[in-house]
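Results of the structural survey
Each chain, letter by letter, is given below.
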Amino acid sequence: MIQTTIDHRAMTALARMTRKTMRRGRNGPVRVLAWFAVLLEGYLTAIYLRAGVGGWHVNALLGGIMLACILGEDRVNGAIGLRRTPPDSREVNTAFQEKESCYICRAQSGERWWLYSQVAAAVETKDYFALLLDRKQGQVFDKRGLTWGTMEELRELIRKKTGLKIQHVR
């Protein structure tokens, strides 16, 4: 069993794991274009400063805004996800069934059964573990909330039940 408090930190971790796995191919070209814009704005700012031409402020501001968007993407997506999570669904106890074909998430709002076969990706970070169902839906679990067994036993159970390799994300 794992007890998890769904907070901004957990949702940011879930957003990062989703971006780096399920949305990888779709999100990559946009991030490359954004980094190109940051570099171009930085280059133009340097040229304007060197030439003593005014207007460099605009380029520096645009580059800074784009950089903030790139670096804050997971935090923003996590905040949006947290806002969409009802307050009575933010304390979750999850039981992973070894003999059944599903796992159970219990919150104040109710109980939800999920089939292991629905899981599209299993992802792990230093502090969190996540089961992603698609690009927009997944569950995040705080490793510190593990109250049954060890993390290695949970990894093995997930590998066995889903048939998926657990991906590690920084």
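Quick summary incoming for the structure in this document.

Each value, and the rule that gives it
- Residues numbered from 1 in each chain as written.
- Predicted model: local features only at pLDDT ≥ 70, side-chain atom pairs only at ≥ 80, totals over all residues.
- Heavy atoms only, no water.
- Buried < 20%, exposed > 50% of the residue type's maximum accessible area, 1.4 Å probe, protein only.
- Helix = DSSP H or I, 4+ residues; strand = E, 2+ residues; numbered from the N terminus.
- Pairing = 2+ DSSP bridges.
- Polar contact = N/O pair within 3.5 Å; in protein donor to acceptor, adjacent residues only side chain to side chain.
- Contact = heavy atoms within 4.5 Å.
- Salt bridge = Lys/Arg side-chain N within 4 Å of Asp/Glu carboxyl O.
- Axes fitted to C-alpha atoms, helices over the stretch in contact; angles between N-to-C directions.

**Notes on the pairing of strand β1 (residues 2-5)**
A regular strand places its side chains on the two faces of the sheet in alternate fashion. Only one face of β1 is covered, namely the face carrying Ile2 and Thr4; the face carrying Gln3 and Thr5 is uncovered. The pairing of β1 with strand β2 (residues 91-96) spans four bridges and is antiparallel. Along β2, the bridge assignment pairs Ile2 with Thr94.

**A few points about the side chain of Arg31**
One can find Arg31 in helix α2 (residues 24-51). A polar contact is formed between the side chain of Arg31 and the side chain of Glu73, at a distance of 2.4 Å. Once residues within four sequence positions are removed from consideration, Arg31 is found in contact with Arg19, Ile70 and Glu73.

**Details of the pattern of salt bridges**
Evaluation of the coordinates by the stated rule reveals eleven salt bridges. Among the salt bridges present, the one from Arg144 reaches Asp142, with a minimum N-O distance of 2.8 Å. Take Asp142: its relative accessible area is 10%, and that puts it in the buried class.

**Regarding the environment of Lys160**
Relative to the elements of secondary structure, Lys160 occurs in helix α5 (residues 151-162). When the C-alpha atoms of Lys160 and Leu33 are compared, they prove to be 39 Å apart, with 127 residues separating the residues in sequence.

**Things to note about the sheet that holds strand β3 (residues 102-107)**
Ordered by their spatial adjacency, four strands build an open sheet running β1-β2-β3-β4, and the pairing between neighbours is antiparallel. In this open sheet, the two edge strands, each paired with only one partner strand, are β1 and β4 (110-115). Neighbouring strand axes in the sheet, compared pairwise and without regard to direction, differ in orientation by 20° on average. Sheet analysis places β3 next to β4, joined by six bridges and oriented antiparallel. When the bridges of β4 are listed, Tyr103 appears paired with Trp114.

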